[in-house]
Amino acid sequence: STRDSTAKKRYSFDFTRIDFAASQLRAAPPISRGDNISKDLVTVPAVPEVQTLVSRLATGSTQYDRVLSIFNYFSPANGFSYSLRTEPGTGNAQIVDFLNNKRGFCVQYSAAMAWLVRQAGFPARVAFGFTKGTGQPGAPMTLTNFNLHAWTEVYFSGLGWVPFDATPATGRPPGIDHSPRLGCWPRCTSRKRPASTTIPPMHGIRGAVCSVTCTSV
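The sections below set out a description of the structure shown in this document. In this text the structure is predicted, and so the values were computed from the model without any measurement.

## Describing the overall build of the chain
Next, step 1: If you tally the helices and strands in the chain, you get six helices and ten strands.
Next, step 2: By the burial criterion, 41% of the 217 residues in the chain qualify as buried.
Next, step 3: Relative to all contacts within the chain whose residues are 6 or more apart in sequence, the contacts with residues 24 or more apart total 65%.
Next, step 4: In the structure as shown, the chain presents an accessible area of about 12,300 Å², 52% of it carried by carbon and sulfur atoms.

Here you go:
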């Protein structure tokens, strides 16, 4: 092949790590009806089984509490489990099959949670990236295709997109113990340096700008 190889090539980037508190998410103002994000990312097909489930789950007094109820639904306590092989369904909608079989991996969980959150009237999307990888603190971390991951992001007015990872064994809702994803390409060794810049609190939210250097292998 005449294509250039990416082996041993290095690149660097900065990312912003944001730490959300439950109290801040609960205090987020309602999303304006004129918000383009609200218009574009709340549409889902009408599925009676999903509508019934969401009407039962999303009963909290704030957006965060309603989203958190949906997040908590996808827990082992409710029969959900992680599996790389999904069970075949018999329903007319794959979302219903997944909710009935309660087995799948990150793609199913992130898409299902986004669907339910949209059904509750809040903008949601599915994000793709990588988990943290492996390695000792302060040493290079290795990311491979096994670190590929998907999670749900929910839009909160004034705060932006907030990640929720509903996949069993990996999920921790923001405001409780959120660990942002570190993203690099598959099979990449990365070294995370200490936070280089602390962001001044905005809306009471704290964060830091971190730097990452990657070397393809």
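## Some remarks on the pattern of salt bridges
Next, step 1: This structure, assessed with the given rule, holds two salt bridges.
Next, step 2: A salt bridge links Arg26 to Asp65, with the shortest nitrogen-to-oxygen separation between them at 2.9 Å. Of this pair, Arg26 sits in helix α1 (residues 22–26) while Asp65 sits in helix α4 (residues 63–73), placing them 39 residues apart in sequence.
Next, step 3: Of the residues examined, Arg26 reaches a relative accessible area of 36% and is grouped as partly exposed.
Next, step 4: Asp65 gets classed as buried once you look at its relative accessible area, which sits at 17%.
Next, step 5: Put simply, Glu153 and Arg125 hold a salt bridge, and the shortest N to O gap is 2.8 Å. Taken together, the positions of Glu153 in strand β6 (residues 148–156) and Arg125 in strand β4 (residues 124–130) put the pair 28 residues apart, joining distant regions of the chain.
Next, step 6: Taking relative accessible area as the criterion, Arg125 reaches 33% and is therefore assigned partly exposed.

## A few points about the nonpolar core
Next, step 1: Residues Phe74, Leu99, Met113, Leu116 and Phe164 are the most contacted members of the largest nonpolar core, which totals 37 residues.
Next, step 2: Those elements that provide at least two residues to this core are α1, α3 (48–57), α4, α5 (94–101), α6 (106–119), β6 and β7 (160–164).
Next, step 3: Setting aside chain neighbours within four positions, we find Leu99 in contact with Val50, Leu53, Tyr73, Phe74, Phe80 and Leu116.

## Examining a nonpolar patch on the surface
Next, step 1: Taken together, Val107, Val126 and Phe128 make up a surface patch of nonpolar side chains, about 260 Å² in accessible area.
Next, step 2: The residue Phe128 is located in strand β4 in this model.

## Examining the sheet that holds β6
Next, step 1: Read across the open sheet, the three strands follow the order β4-β6-β7; overall the sheet is antiparallel. In this open sheet, the two strands that pair with only one neighbour each are β4 and β7. Within the sheet, the average angular offset between the axes of one strand and its neighbour, ignoring direction, is 40 degrees.
Next, step 2: Sheet analysis places β4 next to β6, joined by seven bridges and oriented antiparallel. Within the sheet, the bridge partner assigned to Phe128 lies in β6 and is Ala150.
Next, step 3: Sheet strands touched by α4: β6 and β7. Its angle to β6, the strand with the most contacts, is close to 155 degrees.

## A short note on the packing of aromatic side chains
Next, step 1: Within this structure, the stated rule accounts for ten aromatic pairs.
Next, step 2: Seen from their ring centres, Phe80 and Tyr109 are 6.0 Å apart, and the 65 degrees between their planes marks the pair as edge-to-face. Here Phe80, found in the loop between α4 and β2 (81–82), pairs with Tyr109, found in helix α6; they are 29 residues apart in sequence, far enough to count as distant.
Next, step 3: Tyr109 sits in the buried class, given a relative accessible area of 0%.
Next, step 4: Following the ring pairs from residue to residue traces out a cluster consisting of Tyr73, Phe74, Phe80, Phe98 and Tyr109.

## Focus on the side chain of Ser83
Next, step 1: Relative to the helices and strands, Ser83 resides in the loop between β2 and α5.
Next, step 2: Classification of Ser83 as buried rests on a relative accessible area of 10%.
Next, step 3: Sequence-distant contacts of Ser83, defined by excluding residues within four places in its chain, comprise Arg103, Gly104 and Phe105.

## Some words on the environment of Val54
Next, step 1: The residue Val54 is located in helix α3 in this model.
Next, step 2: Since its relative accessible area comes to 4%, Val54 is described here as buried.
Next, step 3: For the pair Val54 and Leu116, spaced 62 residues apart in sequence, the C-alpha separation works out to 6.3 Å.
Next, step 4: If we ignore the near neighbours within four places in the chain, the residues touching Val54 are Leu116, Gln119 and Ala120.

Each value, and the rule that gives it
- Residues numbered from 1 in each chain as written.
- Predicted model: local features only at pLDDT ≥ 70, side-chain atom pairs only at ≥ 80, totals over all residues.
- Heavy atoms only, no water.
- Helix = DSSP H or I, 4+ residues; strand = E, 2+ residues; numbered from the N terminus.
- Buried < 20%, exposed > 50% of the residue type's maximum accessible area, 1.4 Å probe, protein only.
- Contact = heavy atoms within 4.5 Å.
- Areas by Shrake-Rupley, 256 points an atom, 1.4 Å probe, with all protein chains shown as cover.
- Salt bridge = Lys/Arg side-chain N within 4 Å of Asp/Glu carboxyl O.
- Core = buried A, V, L, I, M, F, W, Y, C linked by side-chain atoms within 4.5 Å.
- Patch = residues over 30% accessible without salt bridge, like charges linked within 9 Å, V, L, I, M, F, W, Y side chains within 5 Å.
- Pairing = 2+ DSSP bridges.
- Axes fitted to C-alpha atoms, helices over the stretch in contact; angles between N-to-C directions.
- Phe/Tyr/Trp six-rings, centres within 6.5 Å; stacked < 30°, edge-to-face > 60°.

Shape descriptors only; they carry no functional weight alone.
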